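Chains, contacts and geometry: an overview
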Amino acid sequence: MYSNRYDTVRGRWTGKTYTLLKRLGKGGIGEIYLVADEYGGRYAMKVSQDIVSITKEFSNLEEFSDIYFAPKVYELDDFEKGGKVYHFFLMEYIQGYTLRDAITKDKLTFGNKLDIARIVAITLKEINNRGFIYTDLKYENIMIDRKHGIIRLVDLGSITPIGDRVREYTPMYDRSKWNSGNRKADLSYQVFTMGILLISMLLNRDMNPEREQLEKVMKHLEKHSFPKSLYDTVNDCLDGSIPDCGILYERLGAICRCSFAGRKLTYVLNAVIASLSVLLAVLIRAVFT
Amino acid sequence: MTTMIESGEIKQIIVITDGRSNMGINPVEAAKRAYNAGMTVSTIGVINLRGSSDEKDIEEVEEIAKSGGGLCEYSHIEDLSRTIQNLTHKTAQRTIEQIVSRQLKTIVGEEIENLEPRSRLKIVDFIEKYGESVNLKCIVLLDTSGSMRDKLAIAKRSLLELLENLQGRKGSSSIAVIAYPGGEEYMSSTICEFTSELNILKQKLEGIRCGGGTPTGPAIIRACQLMEQYYEVNSKDIQGESEALKYYV
């Protein structure tokens, strides 16, 4: 919108003024700024000239205001700047980082990844239970809230009633782009996005449906030594055999427990091997002296 | 100006180009004519990776959309599919928004922007629902000049995906494709007349070849005529939607 820092804007309906501190990001329909109100309170402000999208997203956020994962939303208003009318809403400023940052900087362990996937799955299930699909799932929309220590979903602009067509999506997560089905917002579309999220986390990279085929991507995944049950679960996400995110959550839980048990077993085996080699060394020494 | 929805349908022209017009009538002028005839002209500027797009190119795509009452987006060829779907949807929504706003003014004496923000919710819902259910006629003008040669495959696929995506709407949608440059007096060729059938579109798109200049203006005029021809042949009644609105407001 503009680049000047510390610009102030005045809400047309409330008369409140806000100082723009910095730009936090740019989405499909507008920009998000970190702003301070007259009392120094900090908020994230989503601004756009698109009245329909801003109003709609505001009402989506209000719809989910009682659930922990969605940012709290406060005001819907307009301001004028440079002869143009902008529409905005204020929401909670979430201090933290996106899953994209976490993946690239933090080097997540296998266990971390499974845990994150489970939390995202159960969050999506809650949205689905209310009759909506979160179509634009991606790293950038999943935030790790440092202050509260929880995972949250931001940008609820893509929330679509079950049965409608998908309008907001990112090609990598889109079932239709991978020639694996249509672009209808249904439960299996949601599970498909989870399947892609899992693959991308496990392979530690983005995929490109214009250049890759899903079968080949799965072949790559197979080469890694992930538990067979995880590979099967991902596969079932992609071909629609997992009906909803609740089932996915349970299956991921079973894998977590399994791999934890597996880890325990390796510890025991390692200990056995170590003691055996010590014994062998002692024996060899006894024989040769 | 004639109403934007005649016959209860939204009429859009979408120009996909990677360069500046260099033949025939000024495209900004042509877009204005289309707008005055009840259509919107939106543009997608395909960004050249090798940096051969200059500022004047960008200015022109923006100017065309502005005088055509549409929207303008830029896209890398790889992202064209999503951009064109978004743009089609947003343009339709904006057309409806303008109509609704005008209607509101006659019914309650205010435009949507002058309503208290929370009371806009219902109207926004209406715009969204109506946007999904109204019939849509969309002509895509595809720049097939020499510079588009290596982008053509993706562009074709994007058009198929657009139609596939539009089929998910509740209202009927059909698209037509005009490639320019082309033969005849309008320096463009109608590749595909209005169709809702993926197979037909796919088959017709096979015939596109690249090469030549960029007569954007003449192509827009050609699109206007295609649209008008269609309505001369298939004239329908106009009433429906303003009735629906009164019910809502």
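Residues numbered from 1 in each chain as written. Chains lettered and ligands numbered in written order. Predicted model: local features only at pLDDT ≥ 70, side-chain atom pairs only at ≥ 80, totals over all residues.

Structural notes on the interface of chain B and chain A
Convention followed: A pair of residues counts as a contact when their C-beta atoms, built from backbone coordinates, are within 7 Å of each other. Strands are runs of DSSP state E lasting at least two residues, helices are runs of H or I lasting at least four, and both sets are numbered from the N terminus onward. Throughout this entry, Asp, Glu, Lys and Arg are counted as charged residues, while Ala, Val, Leu, Ile, Met, Phe, Trp, Tyr, Cys and Pro are counted as nonpolar. The remaining residues, Gly among them, count as polar.
Each partner contributes residues to the interface: chain B has 18 residues there, and chain A has 16 residues. Mapped onto the side of chain B that touches chain A, the elements with two or more residues apiece are α3 (80-108) and α4 (121-133) of chain B. Partitioned by chemical class, the residues of the side of chain B that touches chain A number 5 nonpolar, 4 polar and 9 charged.

Details of the sheet that holds strand β6 (residues 189-195) of chain B
All names here are of chain B. The condition that has to hold: Strand pairing is defined by DSSP finding a minimum of two bridges between the two strands. Working convention: axes come from line fits to C-alpha atoms, limited for helices to the stretch in contact. Angles between N-to-C directions cover 0 to 180 degrees.
Read from one edge of the open sheet, 6 strands run β3-β2-β1-β4-β5-β6, paired in mixed fashion. If you trace the sheet from one side to the other, it starts and ends with β3 (69-75) and β6, each paired once. Adjacent strand axes in the sheet meet at a mean angle of 15°, parallel and antiparallel pairs treated alike. Note that strand β1 (residues 9-17) and strand β4 (residues 135-143) share 8 bridges and pair parallel.

Structural notes on the sheet that holds strand β3 (residues 31-36) of chain A
Residues and elements named next belong to chain A. One open sheet accounts for 6 strands, arranged β1-β2-β3-β4-β6-β5; its pairing is antiparallel. Single-partner strands in this sheet number two, and they are β1 (8-10) and β5 (73-81). The mean inter-strand angle of the sheet, taken between neighbouring strand axes irrespective of direction, is 40°. Strand direction decides the pairing type here: strand β4 (residues 42-48) and strand β6 (residues 84-92), joined by 6 bridges, are antiparallel. When the bridges of β6 are listed, V47 appears paired with F88. Across the face of the sheet, helix α1 (residues 51-63) comes into contact with β4, β5 and β6 while running at roughly 15° to β6.

A short note on the pairing of β3(A)
All names here are of chain A. Pairing of strand β2 (residues 17-26) with β3 involves 6 bridges; the strand directions are antiparallel. Each bridged residue has a counterpart across the sheet, and for K22 the counterpart in β3 is L34. Between β2 and β3, which follow one another and run antiparallel, lie 4 residues. Summarising the sheet, β3 and β4 pair through 6 bridges and their orientation is antiparallel. Within the sheet, the bridge partner assigned to A36 lies in β4 and is R42. Following β3, the chain reverses through 5 residues before pairing antiparallel with β4; G40 in that reversal takes a positive phi of roughly 85°.

A few points about helix α5 (residues 152-166) of chain B
Residues three or four positions apart in an α-helix share a direction because the helix packs 3.6 residues into each turn. All names here are of chain B. Short version of the rule: Each helix should span, by expectation, one fewer than its residue count multiplied by 1.5 Å. The exposure label follows from counting other C-beta atoms within 10 Å of a residue's C-beta, where the C-beta atoms are placed from the backbone and the thresholds are 20 or more for buried and 12 or fewer for exposed, leaving partly exposed in between. For this quantity, the arc is that covered by the directions from the helix axis to the C-beta atoms.
The terminal C-alpha atoms of α5 lie 21 Å apart, and with 15 residues this matches the ideal 21 Å at 1.5 Å per residue to within 8%. Along α5, the positions that sit buried rather than exposed are A155, S158, L159, L162, L163, N165 and L166. One side of α5 holds all its buried residues, which, seen down the axis, span an arc of 160°.

Focus: the nonpolar core
Heads up, the condition is: We define a nonpolar core as a collection of buried residues of the types Ala, Val, Leu, Ile, Met, Phe, Trp, Tyr and Cys that are connected via C-beta atoms lying within 7 Å of each other.
Core analysis: the largest hydrophobic core is formed by 134 residues, its most contacted members being L141(B) and I220(B). Counting residues per element, this core draws most heavily on helix α4 (residues 187-203) of chain A, which supplies 9 residues. Discounting residues that sit within four places of it in the chain, L141(B) has contacts with I13(B), I14(B), V15(B), I16(B), I178(B), Y180(B), A219(B), I220(B) and A223(B).

Observations concerning unusual backbone geometry
Of note, the bond from Y180(B) into P181(B) is cis; its omega dihedral lies within 30 degrees of zero at 5°. In this structure, N179(A) is a non-glycine residue whose phi angle is positive, near 55°. For N179(A), the position within the fold is in the loop between β11 (159-161) and α4. A count of 9 C-beta atoms within 10 Å places N179(A) in the exposed class. Its identity is not glycine, yet N204(A) carries a phi of approximately 60°, on the positive side.

As for the environment of I159(A)
Residues and elements named next belong to chain A. Relative to the elements of secondary structure, I159 occurs in strand β11. C-alpha separation for the pair I159 and E57, spaced 102 residues apart in sequence, amounts to 8.4 Å. Sequence-distant contacts of I159, defined by excluding residues within four places in its chain, comprise N60, I127, F132 and Y134.

Regarding the confidence of the model for chain B
Residue and element names in this part refer to chain B. Note the following rule: As a per-residue measure, pLDDT reflects the predictor's confidence and takes values from 0 up to 100.
Per-residue confidence for chain B averages 84 on the pLDDT scale, and 87% of its residues sit at or above 70. Mean pLDDT across the elements of chain B ranges from a minimum in helix α8 (residues 240-248), with 48, to a maximum in strand β2 (residues 40-46), with 95. Taken as a whole, residues 1-6 scores under 50 in pLDDT and shows 13 contacts with residues more than four places along the chain or in a different chain. For the stretch residues 236-242, pLDDT sits under 50, and the model shows 10 contacts to residues farther than four places along the chain or on other chains. Taken together, the chains of this predicted complex give a pTM of 0.81 and an interface ipTM of 0.75.

Quick look at α3(B)
With 29 residues, α3(B) should reach 42 Å at 1.5 Å per residue; the first-to-last C-alpha distance of 40 Å fits that figure. Positioned one or two residues after α3(B), G109(B) has a phi angle of 80°, which is positive.

Observations concerning the packing of helix α1 (residues 27-36) of chain B against helix α7 (residues 216-233) of chain B
All names here are of chain B. Operational definition: Each angle gets one of four labels, with under 35 degrees taken as roughly parallel, over 145 as roughly antiparallel, 65 to 115 as roughly perpendicular, and the rest as oblique. Crossings are sorted by hand: turned counterclockwise from the far helix by less than a right angle, the near helix makes the crossing left-handed, and turned clockwise it makes it right-handed.
The interhelical angle for the contact between α1 and α7, taken along N-to-C directions, is 15°, at an axis separation of 7 Å. One finds that α1 runs roughly parallel with respect to α7. As α1 packs across α7, the resulting crossing turns out to be left-handed. The segment α1 lies against α7, with P27, E29, A30, A31, R33 and A34 engaging T216, G217, I220, I221, A223 and C224. Among the residues forming the contact of α1 with α7, the class breakdown is 8 nonpolar, 2 polar and 2 charged.

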